[in-house]
Amino acid sequence: MYEPKISRDHQFRPDGPSAEGYWNDRQVAEDKFLGEVGMYGSGETVIQLAEESADGRYEVLKSWSQHTGMVTGDVA
């Protein structure tokens, strides 16, 4: 049975360094996502939570930026 991975991507600034994390447990990924928003949510930071589909692509479930706040989907 296929089990999707959930990823969290933290982009510190446009075209700058980023940090990624991957989990099989969605609740753990959600907790990590919210923790990143709490710790690093300022400036030009963009934090995304995405789910891997069966074809290996990722769909952004929710995003956060200081400009938009928490949104469903991608802030871009």
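Placed above this text is the structure.
On a predicted model such as this, the values are computed, not experimentally measured, just so you know.

**A closer look at the nonpolar core**
Here's step 1: Judged by nonpolar contacts, Ile-6, Trp-23, Ala-29, Phe-33, Val-37, Ile-47, Leu-49, Leu-61 and Trp-64 together constitute the single largest core of nine residues.
Here's step 2: Elements supplying a minimum of two residues to this core: helix H1 (26-40), strand S3 (46-52) and strand S4 (58-65).
Here's step 3: Examining the composition of this core, we find that three residues originate from one element, H1, more than from any other.
Here's step 4: With residues up to four places along the chain from it excluded, the contact list for Trp-23 reads Lys-5, Ile-6, Arg-8, Val-28, Ala-29 and Lys-32.

**So, the environment of Gly-43**
Here's step 1: Among the secondary structure elements, Gly-43 is positioned in the loop between H1 and S3.
Here's step 2: Each C-alpha atom, one on Gly-43 and one on Phe-12, is 8.3 Å from the other, the two residues being 31 residues apart in sequence.

**Examining the packing of aromatic side chains**
By convention here, two paired aromatic rings are described through the distance between centres and the angle between planes.
Here's step 1: Taken as a whole and assessed by the stated rule, the structure comprises two aromatic pairs.
Here's step 2: With centroids separated by 6.2 Å and ring planes inclined at 80 degrees, the aromatic side chains of Phe-12 and Tyr-40 adopt a geometry described as edge-to-face. Here Tyr-40 lies in helix H1 and Phe-12 lies in the loop between strand S1 (6-11) and strand S2 (18-23), a separation of 28 residues in the sequence.

**Observations concerning the sheet that holds S3**
Here's step 1: Reading across the sheet, the five strands line up as S2-S1-S3-S4-S5 and stay open at both edges, with antiparallel pairing between neighbours. Two strands bound the open sheet, and with one partner strand each, they are S2 and strand S5 (69-72). For this sheet, the mean angle separating the axes of adjacent strands, direction not counted, is 20 degrees.
Here's step 2: Pairing between S1 and S2: six bridges, direction antiparallel. Note on S2: the bridge partner recorded for Arg-8 is Gly-21.

**Considerations on H1**
Here's step 1: Spanning 15 residues, H1 covers 21 Å between terminal C-alpha atoms, matching the ideal 21 Å at 1.5 Å per step.
Here's step 2: Buried residues of H1: Ala-29, Glu-30, Phe-33, Glu-36 and Val-37, and no others. Looking straight down H1, one finds its buried side chains confined to an arc of 120 degrees; they lie on one side. Along H1, exposed side chains directed more than 90 degrees from the buried face belong to Gln-27, Gly-38 and Met-39.
Here's step 3: Among the structural elements, S1, S2, S3, S4 and S5 are those in contact with the buried residues of H1.
Here's step 4: For H1, the side-chain oxygen to backbone nitrogen distance between the N-cap and Gln-27 is 2.8 Å, and the N-cap itself is Asp-25.

Conventions and cut-offs
The residue count restarts for each chain, going from 1 along the sequence in the order it is written. Whole-chain, interface and lining totals are the exception, using all residues; otherwise, since this is a predicted model, local features are given only for residues with pLDDT of at least 70 and side-chain atom pairs are given and counted only at 80 or more. Side-chain measures here rest on the full set of heavy atoms in the structure, leaving out hydrogens and waters. In this description, a nonpolar core means a group of buried Ala, Val, Leu, Ile, Met, Phe, Trp, Tyr and Cys residues linked to one another through side-chain atoms lying within 4.5 Å. Only protein chains enter the calculation, and the probe is 1.4 Å; a residue is then buried if its accessible area is under 20% of its type maximum, exposed if over 50%, and partly exposed in between. We count a stretch as a helix when DSSP gives it H or I for four or more residues in a row; a strand needs E for two or more, and each element gets its number in order from the N terminus. Any two residues having at least one pair of non-hydrogen atoms within 4.5 Å are treated as being in contact. Stacked, tilted and edge-to-face are the three classes assigned to paired rings of Phe, Tyr and Trp, where Trp is represented by its six-membered ring and a pair needs centres within 6.5 Å; plane angles under 30 degrees give stacked, over 60 edge-to-face, the rest tilted. Between any two strands, pairing holds if DSSP finds at least two bridges. Axis angles are defined between N-to-C directions and span 0 to 180 degrees, where every axis is a line fitted to C-alpha atoms and, for a helix, only to the segment in contact. Here the expected span of a helix is defined as 1.5 Å times the quantity of residues minus one. Taking the helix axis as origin, the arc is that swept by the directions to the C-beta atoms. Here a polar contact means two N or O atoms within 3.5 Å. Within protein one must be a hydrogen donor candidate and the other an acceptor candidate, and residues neighboring in sequence count only if both atoms are side-chain atoms.

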